[in-house]
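Structural description and commentary
Spelled out, the chains give:
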Amino acid sequence: MSLFSKLLAIPTSICLLSCVLFVLFGQITVRRLRKNPALRDSLGLEFYSGYDIFNVAQAVTLPRHMIRKFRDSKLGWLCADADIIYEHTSRFERVLGRVLYLASLLSAFGMLGIISLNSAGFFD
């Protein structure tokens, strides 16, 4: 097994963890938020099925001032409203969303970094 394969296994395993957390966060938190008619419009645009799960996870992870700036822009309808989501989620749900979002980012950027290093000939 090459060094490239061993290093790529790390973000791949984090990605697998992220997939499990995605399902858990969707079933525990976002499913309940979708059922509330007052919150449906606060979850952001759903490009594909389940994208609102990442919108909610992003809203509880990024700083509130950044989310407010996104919401005040012309494309503000794309992202979730952090203030409303904070009111209707528990501390456990917010921590779960943060772990999901950060694990997703870490695995994606880790894979991209290792693949780009391999393309540059770093592992030859």
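Scroll up to find the structure.
Residues numbered from 1 in each chain as written. Predicted model: local features only at pLDDT ≥ 70, side-chain atom pairs only at ≥ 80, totals over all residues. Heavy atoms only, no water.

1. Observations concerning the nonpolar core
Soluble globular proteins: nonpolar side chains tend toward being buried together. We apply this condition: Here, nonpolar core refers to any group of buried Ala, Val, Leu, Ile, Met, Phe, Trp, Tyr and Cys residues whose side-chain atoms link them within 4.5 Å. The rule is simple: take the accessible area with a 1.4 Å probe, protein chains only, and divide by the maximum for that residue type; under 20% is buried, over 50% is exposed, in between is partly exposed. The secondary structure listing takes helices from DSSP runs of H or I that are at least 4 residues long and strands from runs of E that are at least 2 residues long, numbered from the N terminus. Contacts were defined at the residue level, with two residues in contact if any of their heavy atoms lie within 4.5 Å.
Among the nonpolar cores identified, the biggest contains 20 residues, and Phe 25, Val 56, Ile 85 and Leu 100 are the most heavily contacted of them. Breaking this core down by element, the ones donating at least two residues are helix 1 (3–35), helix 2 (51–61), helix 4 (82–87) and helix 5 (91–119). By residue number, the principal contributor to this core is helix 2, which donates five residues. Filtering out sequence-adjacent residues up to four positions away, Ile 85 remains in contact with Ser 42, Leu 43, Val 56, Ala 59, Val 60 and Ala 80.

2. Section: a nonpolar patch on the surface
To keep it simple, the criterion reads: Here, patches come from residues exposed beyond 30% relative accessible area and free of salt bridges, joined within 9 Å for like charges and within 5 Å for nonpolar side chains (Val, Leu, Ile, Met, Phe, Trp, Tyr). Accessibility throughout is a Shrake-Rupley quantity obtained with a 1.4 Å probe, and a residue counts as covered only by protein chains that appear here. Salt bridge, as used here, is a side-chain nitrogen of Lys or Arg placed within 4 Å of a carboxyl oxygen of Asp or Glu.
A contiguous nonpolar patch, built from Val 20, Leu 24, Ile 28 and Phe 92 and spanning about 360 Å² of accessible area, is present on the exposed surface. Sorting elements by how many residues they give to the nonpolar patch places helix 1 first, with three residues. With respect to the helices and strands, Val 20 occurs in helix 1. With a relative accessible area of 46%, Val 20 lands in the partly exposed category.

3. Things to note about the pattern of salt bridges
Taken as a whole and judged by the stated rule, the model has three salt bridges. With a shortest N-O distance of 2.8 Å, Asp 52 and Arg 34 are connected by a salt bridge. Placement of the pair is Asp 52 in helix 2 and Arg 34 in helix 1, with a sequence separation of 18 residues. Classification of Arg 34 as partly exposed rests on a relative accessible area of 31%.

4. Let's talk about helix 2
With nine of eleven residues buried, helix 2 is to be regarded as a mostly interior element. Listed as buried for helix 2 are Asp 52, Ile 53, Asn 55, Val 56, Ala 57, Gln 58, Ala 59, Val 60 and Thr 61. Buried residues along helix 2 sit in contact with helix 1, helix 3 (64–72), helix 4 and helix 5.

5. Section: the packing of helix 1 against helix 2
Rules: For helices, the fitted line uses only the C-alpha atoms of the stretch in contact; every axis is such a line through C-alpha atoms, and the angle between N-to-C directions lies from 0 to 180 degrees. Working rule for angles: under 35 degrees goes down as roughly parallel, over 145 as roughly antiparallel, 65 to 115 as roughly perpendicular, anything else as oblique. In this classification, Asp, Glu, Lys and Arg are treated as charged, Ala, Val, Leu, Ile, Met, Phe, Trp, Tyr, Cys and Pro as nonpolar, and every other residue, Gly included, as polar.
As a packed pair, helix 1 and helix 2 sit with axes 10 Å apart at the nearest point and diverge in direction by 90°. Overall, the two elements helix 1 and helix 2 adopt an arrangement that is roughly perpendicular. Residue-level inspection shows Phe 22, Phe 25, Gly 26, Val 30, Leu 33 and Arg 34 of helix 1 in contact with helix 2, the latter providing Asp 52, Ile 53, Phe 54, Val 56 and Ala 57. For the contact of helix 1 with helix 2, a count of residues per class yields eight nonpolar, one polar and two charged.

6. Looking at the packing of aromatic side chains
Formally: Any two of the Phe, Tyr and Trp rings considered here, Trp counted by its six-membered ring, make a pair once their centres fall within 6.5 Å; the pair's planes then place it as stacked at under 30 degrees, edge-to-face at over 60, or tilted in between.
Taken as a whole and judged by the stated rule, the model has four aromatic pairs. Ring centres 5.0 Å apart and planes at 35° place the aromatic pair Phe 22 and Phe 54 in the tilted group. With Phe 22 in helix 1 and Phe 54 in helix 2, this residue pair connects regions lying 32 residues apart in the sequence. For Phe 22, a relative accessible area of 22% gives the class partly exposed.

7. Considerations on the state of the cysteines
Each disulfide consists of one covalent bond between the sulfur atoms belonging to two cysteines. For the record, the criterion: Criterion for a disulfide: a pair of cysteine sulfur atoms within 2.5 Å.
Applying the stated criterion across every chain, the model contains zero disulfides. Counting only cysteine sulfurs, Cys 15 is the nearest neighbor of Cys 19, a cysteine outside any disulfide, at a range of 4.5 Å. The exposure class of Cys 19 is partly exposed, given its relative accessible area of 43%.

8. Focus on the side chain of Gln 58
Among the secondary structure elements, Gln 58 is positioned in helix 2. Gln 58 has contacts with Ile 67, Phe 70 and Tyr 101, leaving out every residue within four places of it along the chain.

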